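These are the residues of each chain, in order.
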Amino acid sequence: MSDKAIPLLLAGGLVGLGLAWVTQGSGVIHDDPARNLYIPDRLTLPLQVKVAHDGERIWFRYRWPTERPHVYHDMLRYTEGEWVRHGASTVGPQPEGTYEDRVTMLVDDGSVPDFGRYGGYITVGDRMRFFSDEAPAEAVAAHPYLGETLGQTEVRKHLPGTRRDVAEWDSVVDEPQLAAQQASGYFLDLWHWRAGRSNAVGMSDDQWVGEHRHSDAGRGPYTTNWDAENARPQWMFDPEATGRHALRWEDVTAERVDFDGLYYLAEPFAVPFDPDHDWQEGDVIPRRLLREGEGSRGDIRVAGDARWSDGYWDVTLVRDLDTGQPDDKAFAPQGRYDLAFAVHRNATGSRWHYVSLPYALGLGREADILASPVAEGTPDWSQPWFDLTLYYPGQVDWPLLIGEAHAGADDIAAGLPVRAHHDERQLAHYGVEMEFQDAIQRQWALTLIAGLLLLAGLFIGLLPAFRRRHPGGTP
């Protein structure tokens, strides 16, 4: 090897190593709000479920762990002479803790193809809310149906059959077809218990998923407490009934909850807001006014006390087996139904939740979860818990799962259930990989380029050593 080859070899190697160092990546980013990314430290969560019925009513009991309860939701804080909102849904946990815990359950009676095999995945369509590629708010608002008819600015849960092309969020079928789909049972019932917006008045919200996530007909358990014209609350605490006009910010952020105390605003002890009161820095009024639900939206009630204790939420909901409402799924003795569960905890909203695979419920029939019969009164809950595992789903949508990029798309087309190929821990890790798919592909490309440049540098450095020499020793 000539004296010139050695420095060329070193230079080529150093260039390649330098590029590899620059492109090697820096690990998983857990919090990147600019790209709607947040990865929870815990990817799976246990959930326990019990079900009972007496031939007229059905009870669901849920139990899951969380370090502390979050029941404060969406607060108005008086600061520097203005009422400022705290608690809108954010990327990952609400930093001030002002976002409620929730448990939700999707229910089907066999009318929605694929739900019993793939669960909530089928409701995750193209460019959903808070995905990294979420549809622009102005585009959704301008949509002739989602925006102009429903008044939406975000793409929410929806079923595949409500789109002409499942890979295009805006390809909603026409309204007569949507109405016919719901009438035929092509929708999912959504039981939606909210620790802040429904539990304190003994209710669960009641919704359904078709072309969008809708609330059932009737009056919900909460409304918005905001006077937009005057930029202040509409209602405040009745000082004669409660001994106060407002809560205090330090109590809200301390996350101390007295379930027998006052941590919410409800119609029985609310009065019109008094702008002439001597409001103090740090006074807080909930931006949600709780009330008794009515109509179909008020069908689901809390049975007993739904409370957090010793590190666990314990929530029991009850509803008539058959409400007679067209936006509910009816249960019946000897029936078999498909369920999927989800939990929001640690002050998270939107897609930062834990979800389950689908499970079958049987009322006198063999299934994953068996509903215990109740002879009279209320359940004694002596039956064992049904234990299941929830997992963080990441940004995995239905168009991806049935598309060419997914190796298991043929299995889905053949009707093989997800549980036949994946467990919850695998699905959680796949979900995290999807969060960083673009970054992973970019790093692969950069690493490949760096490797090729390293090989090129080595080749250039070694080239003088392999050049053909002429007689006499001169090249």
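Structure: above.
Below is a short write-up of the structure. Here the structure is a predicted model, which is why all the values come from computation and not from measurement.

## Quick word on the overall build of the protein
The helix and strand inventory of the protein stands at 10 helices and 26 strands. Relative to its 475 residues, the protein shows a buried fraction of 49%. Expressed as a percentage of contacts within the protein between residues at least 6 apart in sequence, the contacts between residues at least 24 apart total 73%. Total accessible area computed for the protein in this model is approximately 22,500 Å², and 51% of it derives from carbon and sulfur atoms.

## With respect to the sheet that holds strand β11 (residues 222-224)
On the basis of which strands lie adjacent, the open sheet formed by 3 strands has the order β11-β17-β14 and mixed pairing. Looking at the sheet topology across the chains shown, the edges are occupied by β11 and β14 (265-266). Two elements, β14 and strand β17 (residues 288-290), share 2 bridges in a ladder whose sense is parallel. Following the sheet pairing, L265 is matched in β17 by L289.

## Observations regarding the sheet that holds strand β6 (residues 82-86)
As summarised here, the arrangement of the 4 strands in space is β6-β5-β16-β13, forming an open sheet in which the pairing is antiparallel. Of all strands in the sheet, those with a lone pairing partner are β6 and β13 (247-248), marking the two edges. In terms of strand pairing, β13 meets strand β16 (residues 283-286) through 2 bridges, oriented antiparallel. The residue of β16 that forms the bridge with L247 is V284.

## What about the pairing of strand β4 (residues 57-65)?
Regular strands place side chains that alternate from one sheet face to the opposite one. Of all the 9 residues making up β4, 7 are buried; the element is thus mostly covered by neighbouring parts of the structure. Bridge count between strand β3 (residues 44-53) and β4: 6 bridges; the pairing is antiparallel. Note on β4: the bridge partner recorded for Q48 is R63. Hairpin connection, β3 to β4: the antiparallel pair is bridged by 3 residues, and G55 has positive phi, about 90°. Pairing geometry for β4 and strand β20 (residues 312-320), over 9 bridges, is antiparallel. Paired with W59 across the strands is V318, a residue of β20.

## As for the side chain of D397
Locating D397 in the fold gives a position in the loop between β26 (386-391) and α7 (398-401). Buried and unpaired, D397 has R127 as its nearest opposite-charge partner, separated by 8.8 Å. At 2.8 Å, the side chain of D397 forms a polar contact with the backbone nitrogen of L400. Not counting residues up to four positions away in its chain, the partners in contact with D397 are V124, G125 and F131.

## Some points on unusual backbone geometry
Notably, D74 is not glycine yet its phi reads approximately 60°, a positive angle. Take D74: it is sitting in the loop between β4 and β5 (75-79). Notably, N346 is not glycine yet its phi reads approximately 55°, a positive angle. The residue N346 is located in the loop between β21 (336-344) and β22 (354-355) in this model. Taking the relative accessible area as the measure of exposure, N346 reaches 32% and is therefore partly exposed.

## Looking at the environment of Y263
Turning to its location among the elements, Y263 is positioned in the loop between α6 (249-253) and β14. Residue classification places Y263 among the buried residues on the basis of a relative accessible area of 5%. With 190 residues separating them in the primary sequence, Y263 and H73 have C-alpha atoms 9.8 Å apart. Residues in contact with Y263, not counting those within four places in the same chain, are V71, Y72, M75, N199, A200, L247, V257 and D258.

## Remarks on the pairing of β21
The buried count for β21 comes to 8 of 9 residues, which makes it a mostly enclosed element. Note that strand β7 (residues 102-108) and β21 share 7 bridges and pair antiparallel. Bridge assignment links T104 to a residue of β21, and that residue is A342. Here β21 runs beside strand β23 (residues 359-362); their pairing, made up of 4 bridges, is antiparallel. What sits directly across from D338, in β23, is A360. In this sheet, β22 lies alongside β21 in antiparallel orientation, the contact comprising 2 bridges. Counted as the bridge partner of A342 is V355 from β22.

## Here we look at helix α4 (residues 175-183)
Since the α-helix turns once every 3.6 residues, residues separated by three or four places project in the same direction. In this structure D174 caps α4, since a side-chain oxygen of it lies 3.0 Å from the backbone nitrogen of Q177. Positive phi appears at G185, one or two residues downstream of α4, with a value of about 95°.

## What about the pattern of salt bridges?
If you walk through the whole model with that rule in mind, you get 23 salt bridges. Close ionic contact of E250 with R248 constitutes a salt bridge, the shortest N to O distance being 3.2 Å. According to the relative accessible area criterion, E250 is partly exposed, its value standing at 43%. Look at the salt bridges and you will find they share partners, linking E100, R194, R197, D205 and R297 into a network.

## Topic: the side chain of R197
Its location among the elements puts R197 in the loop between β8 (188-194) and β9 (205-209). Only 3.3 Å separates the side chain of R197 from the side chain of H73, close enough to count as a polar contact. Side-chain polar atoms of R197 contact the side chain of E100, separated by 2.6 Å. When neighbours within four sequence positions are excluded, R197 is seen to be in contact with H73, Y99, E100, P221, Y222, R288 and L290.

## So, the nonpolar core
Grouped together as the largest cluster of nonpolar side chains are 61 residues, with contacts concentrated most on Y62 and F341. Excluding its chain neighbours within four sequence positions, the residues that come into contact with F341 are L47, V49, Y62, T104, M105, Y354, V355, S356, Y359, I369, L388 and L390. In terms of nonpolar packing, the next biggest core, distinct from the first, is built from 33 residues, V112, L159, Y186 and L427 among them.

Conventions we followed
- Residues numbered from 1 in each chain as written.
- Predicted model: local features only at pLDDT ≥ 70, side-chain atom pairs only at ≥ 80, totals over all residues.
- Heavy atoms only, no water.
- Helix = DSSP H or I, 4+ residues; strand = E, 2+ residues; numbered from the N terminus.
- Buried < 20%, exposed > 50% of the residue type's maximum accessible area, 1.4 Å probe, protein only.
- Contact = heavy atoms within 4.5 Å.
- Areas by Shrake-Rupley, 256 points an atom, 1.4 Å probe, with all protein chains shown as cover.
- Pairing = 2+ DSSP bridges.
- Lys, Arg positive; Asp, Glu negative; His and termini not counted.
- Salt bridge = Lys/Arg side-chain N within 4 Å of Asp/Glu carboxyl O.
- Polar contact = N/O pair within 3.5 Å; in protein donor to acceptor, adjacent residues only side chain to side chain.
- Core = buried A, V, L, I, M, F, W, Y, C linked by side-chain atoms within 4.5 Å.

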